[in-house]
Amino acid sequence: MTPVALSATPVSRGDVVAVARERARVTFTDDARAAMAASASIVERLAQSTRPVYGVSTGFGALATTIIPPDRREEMQRALVRSHAAGMGAPVEREVVRAMLFLRARTLALGRSGARPLVAETILALLNADLVPVVPEHGSLGASGDLAPLAHCALALIGEGEVDDREGRRRPAAEALAEAGIVPLVLGVKEGLALVNGTDGILGMLVLALHDLRALLRALDVTAAMSVEALLGTDRAFADDLLALRPQPGQQASGANLRRLLEASPIMETHREDDPRVQDAYSLRCAPQVHGAARDAVTYAETVAEHELASAIDNPMVLPDGRVESCGNFHGAPLGYACDLLAIAVADVGSMSERRTDRILDSTRSFGLPPFLADEAGVNSGLMLSQYTQAAMVADNRRLAVPASVDSLPTSAMQEDHVSMAWGAARKLRVATRNLRRIVAVELVCAGRALDLRAPIEPAPGTKAAVAALRTSVPGPGPDRYLAPELAAAEACIEAGRLLDAVEAAVGPLD
């Protein structure tokens, strides 16, 4: 895999995914070294002066008025990391910690934090050795950034705390660093603060969720098209000229996907004429509008993420003219709002998917399909309980859609009297996104079986390819069997990209 170069310029969302999930190596460029060295020299000069500078010659938070003697300022940085590594709960996922480390190094490489190049180089050494600090889930309020999670990362950099190694073994950081040939950091002035004062965990989780949601929303268009076809619905509501009357970008993209997926459908042709139904239910007819609104929410959140990836996130900031100024760039509000918006969209599209599934399984509304798509219904229950599981996850996502970003709790003796709770918003978005993948998997299984039961009439080339991809790991209709592994296999088909690969091979790229 091509290494990711860390320079004094922004990184991309693809870079974050490559480092976090694919363990891409990260290199450090000369321009980043120069930028960091220049800002470190400014901080070093200020450290020798009598002028109070936050985090350099003073304490932190509500202790900002406490002046620290010059001979104790490096000790203060170590103490900061140790005291702020105060998280609790289950460890954060490996990919999230890798993203967090990479993004903290990214901010340092911009040369606005006053840290030496050695600090970023040590972070990259940890990443390239795939040593992942153990970071408890609870501890960040999203302002001043992700203090506790980043402090647990910084603790490993100074040879303390624990890490999970490449094989997943939990080990003392000092032991693992020594084995990898990494010398623990001895923190200089301001460097402890520079390591913990960022939104890197929140941003990393947002970027990973955006990567997943782009693919999931395309998969959702696929399962919606399958459901429309299986329920003998119409594609007339998705006509280009109709949708153009409301030029919302996401709606246009989703509608174009549905048209492409349903094009040349023999099933659709069976009820083009003499069908007494005037229109389909909303869960079918309004799919482009709802899926499209979710796409537009993703587009907005991508803009927020792109801006953050180009941002220097720290406090205080070191400016080229020699000033070191306090600011609020660490506040997670922009990211928290984006995560909360996405959680709402995820809950809504999942709810619509469940309504389509319910129609497929209800013989009074499925236009000729057997109850619960069962073989000898009564003796067999078919896919009845798959909808129960789907409904449970829909309900969970509705709870997760309650915004975290409106719930501030003041900390640090009222110095930090308004916090973003963006870490909580990002954590629940991760859960909601995972739930959505499983919700879509249930619709895929049910719609796929329903299309099989419409035989000998064949579905459209696009939806036929989706069923074929599913059938590589999930059998077709038949007597009841152990269902959970089949639902998990359908989820894996979506997560691994096999579903979209098969469909796009048949009909071309989806929007």
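Residues numbered from 1 in each chain as written. Predicted model: local features only at pLDDT ≥ 70, side-chain atom pairs only at ≥ 80, totals over all residues. Heavy atoms only, no water.

Undergrad: Break down the overall build of the protein for me, citing the residues and quoting the values.
TA: Within the protein, the regular secondary structure consists of 20 helices and nine strands. Counting only C-alpha atoms and orienting by the principal axes, one finds that the protein spans roughly 90 × 50 × 40 Å. For the protein, the residues scored as buried account for 56% of the 511 residues in total. Sequence-distant contacts, at least 24 apart, represent 79% of the contacts inside the protein between residues at least 6 apart. Only carbon and sulfur atoms are counted for the fraction: they give 56% of the accessible area of the protein, which is about 20200 Å². Between the mean site of the 51 positive side-chain charges and the mean site of the 63 negative ones, the protein shows a separation of 2 Å. (Helix = DSSP H or I, 4+ residues; strand = E, 2+ residues; numbered from the N terminus. Buried < 20%, exposed > 50% of the residue type's maximum accessible area, 1.4 Å probe, protein only. Contact = heavy atoms within 4.5 Å. Areas by Shrake-Rupley, 256 points an atom, 1.4 Å probe, with all protein chains shown as cover. Lys, Arg positive; Asp, Glu negative; His and termini not counted. Charge placed at Lys NZ, Arg CZ, Asp CG, Glu CD.)

Undergrad: Describe in detail the packing of aromatic side chains, supporting the description with residues and values.
TA: By the definition in use, this model includes zero aromatic pairs. Sitting above the plane of the Phe367 ring, Arg277 keeps its charged end 4.1 Å from the centroid. (Phe/Tyr/Trp six-rings, centres within 6.5 Å; stacked < 30°, edge-to-face > 60°. Lys NZ or Arg CZ within 6 Å of the ring centre and 35° of its normal.)

Undergrad: Describe the packing of helix H9 (residues 200-230) against helix H14 (residues 287-309), with residues and values.
TA: Between H9 and H14, the least distance of the axes is 10 Å, while the angle of their chain directions is 160°. Considering the angle they form, H9 stands roughly antiparallel to H14. Of the two possible hands of crossing, H9 and H14 adopt the one that is left-handed. From H9, Leu203, Leu206, Val207, Leu210, Leu213, Arg214, Leu217, Arg218, Leu220, Asp221 and Ala224 reach across to H14, where they touch Ala287, His291, Ala294, Arg295, Val298, Thr299, Ala301, Glu302, Ala305, Glu308 and Leu309. Partitioning the contact of H9 with H14 into residue classes produces 14 nonpolar, two polar and six charged. (Axes fitted to C-alpha atoms, helices over the stretch in contact; angles between N-to-C directions. Parallel < 35°, antiparallel > 145°, perpendicular 65-115°, else oblique. Left-handed = near helix turned anticlockwise from the far one by under 90°. Nonpolar A, V, L, I, M, F, W, Y, C, P; charged D, E, K, R; others polar.)

Undergrad: Quick rundown of the side chain of Ser113? Include the residues and the values.
TA: Note on placement: Ser113 falls in the loop between helix H4 (94-109) and helix H5 (117-128). One polar contact links Ser113 to Asp314, side chain to side chain, over a distance of 2.7 Å. (Polar contact = N/O pair within 3.5 Å; in protein donor to acceptor, adjacent residues only side chain to side chain.)

Undergrad: Describe in detail the sheet that holds strand S7 (residues 170-172), supporting the description with residues and values.
TA: If you walk across this open sheet you meet the three strands as S4-S6-S7, and the pairing is antiparallel. Taken across any chain shown, the strands that pair with only one partner, and hence form the sheet edges, are strand S4 (132-133) and S7. In terms of strand pairing, strand S6 (residues 162-164) meets S7 through three bridges, oriented antiparallel. Looking at S7, one finds that Asp164 is bridged to Arg170. (Pairing = 2+ DSSP bridges.)

Undergrad: Any details on unusual backbone geometry? Residues and values, ideally.
TA: Of note, the bond from Ala143 into Ser144 is cis; its omega dihedral lies within 30 degrees of zero at 0°. Here Ser144 is to be found in the loop between strand S5 (136-138) and helix H6 (147-157). Here the bond from Ala455 into Pro456 is cis, since omega is 15°, no more than 30 degrees from zero. With respect to the helices and strands, the residue Pro456 is situated in the loop between helix H17 (422-453) and helix H18 (461-471). Its identity as a non-glycine residue notwithstanding, Leu373 has a phi of 55°, on the positive side. Position of Leu373 among the secondary structure elements: in the loop between helix H15 (333-361) and helix H16 (384-400). Of note, Glu376 is a non-glycine position whose phi angle comes to about 55°, a positive value. Mapping Glu376 onto the fold places it in the loop between H15 and H16. Residue classification places Glu376 among the exposed positions, given a relative accessible area of 58%.

Undergrad: How would you summarise the side chain of Thr223 if you had to cite specific residues and measurements?
TA: Among the structural elements, Thr223 can be located in helix H9. Here Leu220 takes part through its backbone oxygen, which lies 3.1 Å from a polar atom of the side chain of Thr223. Apart from the residues within four sequence positions on either side, Thr223 is in contact with Val440, Glu443, Leu444 and Ala447.

Undergrad: An account of H4 is needed here, citing residue identities and associated values.
TA: Between the first and last C-alpha of H4 there are 23 Å, a value that for 16 residues agrees with the 22 Å anticipated at 1.5 Å per step. Across the 16 residues of H4, 15 count as buried, placing the element largely inside the fold. In the stretch just after H4, Gly111 is the one whose phi turns positive, near 75°. (Expected span 1.5 Å × (residues − 1).)

Undergrad: I'd like a description of the environment of Arg78, backed by residues and values.
TA: By secondary structure assignment, the location of Arg78 is in helix H3 (residues 73-84). Residue classification places Arg78 among the partly exposed positions, given a relative accessible area of 29%. Separated by 226 residues in sequence, Arg78 and Val304 have C-alpha atoms that sit 33 Å apart.

Undergrad: How would you summarise H18 if you had to cite specific residues and measurements?
TA: Of the positions making up H18, those classed as buried are Gly462, Thr463, Ala465, Ala466, Val467, Ala469 and Leu470. Each element contacted by the buried residues of H18 is listed here: H9, helix H11 (249-262), H17, helix H19 (484-495) and helix H20 (498-507).

Undergrad: If you had to explain the state of the cysteines to someone new, which residues and values would you point to?
TA: For the coordinates displayed, the defined rule picks out zero disulfides. Its sulfur unpaired, Cys153 is 18 Å from the next cysteine sulfur, which belongs to Cys339. (Disulfide = S-S within 2.5 Å.)

Undergrad: Tell me about the environment of Phe102, and name the residues and values.
TA: When you line up the elements, Phe102 lands in helix H4. For Phe102, a relative accessible area of 0% translates into the label buried. Considering only alpha carbons, one finds Phe102 and Ala120, 18 residues apart in sequence, at a separation of 9.1 Å. The contact partners of Phe102, leaving out residues within four places of it in the chain, are Val4, Leu6, Val11, Asp15, Val16, Val19, Val26 and Leu127.

Undergrad: Can you tell me about the nonpolar core, naming the residues and giving the values?
TA: By size, the foremost hydrophobic cluster in this structure holds 146 residues, and its most contacted members are Leu6, Phe102, Leu195, Leu206, Val222 and Leu342. The element best represented in this core is H9, accounting for 19 residues. Residues within four places of Leu206 in sequence aside, it is in contact with Ala301, Ala305, Leu335, Ala338, Cys339, Leu342 and Leu429. Val43, Leu46, Val56 and Val324 belong to the second-largest nonpolar core, a separate cluster that totals nine residues. (Core = buried A, V, L, I, M, F, W, Y, C linked by side-chain atoms within 4.5 Å.)

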